[in-house]
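Architecture and fold: a report
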Amino acid sequence: MNAAPADQIRLLDLQAIDSKLDQLAHRRRSLPEHAEIDKVTADHTALKDLVVAAQAQHGDTTRELTKAEQDVEQVRTRAARNQQRLDSGAITSPKDLENLQHEIGSLAKRQGDLEDVVLEIMERLESAQTRVTELGARLEHSTVVLNEAEGRRDAAYAEIDAEAEKVKRDREAVAAVIPADLMKLYGKLRETQGGVGAARLYQRRCEGCRTEFSITELNSIKAEPADKVVRCENCSRILVRTADSGV
Ligand SMILES: [Zn+2]
């Protein structure tokens, strides 16, 4: 392949631009915020699950308390009714009186037991409420941390993208004047050679793979016409000869 020496040198400019774009893309992918956001998101999701579970626990305990309080109320009503009957003097049979007094006694005992149950549930409800509040505060904090990390990531994105836009405009200008066949070869080599398709020959070395050429190799490169597109024998990249190539 042949190409004007000036176009070959432009290829080095294009390579510098493409390497810059690759660096920017790499920087975008490897922002420290990514790992941070992943970790905070995982914590945040786990916390949300815990909050939901704690709220459910609180709801269950609240219903349990209502039920236990109703049980106490029922027994209290029944005991009051019995007491009323006893106080009314309407019951005269000693056997009936004894039964009634006995029932009043059992109801008092039952009420005491049920009130203990209510107290025990109230304690659990308080713990459940504390846990909901605590987890809620932690979730809120984790939301702040997450938003903050996402904000930093987005700011970094914006900065990188703005710079990339500028570099892309430079690229368009440079690429527009390079012949199509040379662009195609460069593009293909960039794909297979880790993003570097064109390298300068400098101080007897290919700057793509750092191979140092022997005098014989250098002489044969030197013998090629200036518009011949020379390739590195080692890495097959386009080897661009410039004024300071030493050939
Ligand atoms: Zn090379």
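Residues numbered from 1 in each chain as written. Predicted model: local features only at pLDDT ≥ 70, side-chain atom pairs only at ≥ 80, totals over all residues. Heavy atoms only, no water.

Helix 3 (residues 94–176) packs onto helix 2 (residues 32–88) with a crossing angle of 165° between their chain directions and a minimal axis gap of 6 Å. In terms of axis orientation, helix 2 runs roughly antiparallel to helix 3. As helix 2 packs across helix 3, the resulting crossing turns out to be left-handed. Among the residues forming the contact of helix 2 with helix 3, the class breakdown is 30 nonpolar, 16 polar and 18 charged. (Axes fitted to C-alpha atoms, helices over the stretch in contact; angles between N-to-C directions. Helix = DSSP H or I, 4+ residues; strand = E, 2+ residues; numbered from the N terminus. Parallel < 35°, antiparallel > 145°, perpendicular 65-115°, else oblique. Left-handed = near helix turned anticlockwise from the far one by under 90°. Nonpolar A, V, L, I, M, F, W, Y, C, P; charged D, E, K, R; others polar.)

With the rule as written, the count across this model stands at 26 salt bridges. The salt bridge partner of E73 is R76, with a shortest N-O separation of 2.8 Å. In this pair, E73 and R76 both sit in helix 2, 3 residues apart, roughly one turn of the helix. Of the residues examined, E73 reaches a relative accessible area of 39% and is grouped as partly exposed. Its relative accessible area of 38% is what places R76 among the partly exposed residues. (Salt bridge = Lys/Arg side-chain N within 4 Å of Asp/Glu carboxyl O. Buried < 20%, exposed > 50% of the residue type's maximum accessible area, 1.4 Å probe, protein only.)

This next bit is on the coordination of the zinc ion. Protein ligation of the zinc ion involves C206 (SG), C209 (SG), C232 (SG) and C235 (SG), the donor distances falling in the range 2.2 to 2.3 Å. Relative to the metal, the 4 donor atoms surrounding the zinc ion lie at angles of 104 to 115°, and the coordination shape comes out tetrahedral. Positions of the donor residues of the zinc ion along the chain correspond to the pattern C-x2-C-x22-C-x2-C. Of the two residues, C209 is situated in the loop between strand 2 (205–206) and helix 5 (215–223) and C235 in the loop between strand 3 (230–231) and strand 4 (238–241); the sequence distance between them amounts to 26 residues. Since its relative accessible area comes to 24%, C209 is described here as partly exposed. (Donors = N, O, S within 2.8 Å, 3.2 Å for Na, K, Ca; no water. Tetrahedral: all angles 85-135°; square planar, octahedral: opposite > 155°, others 65-115°.)

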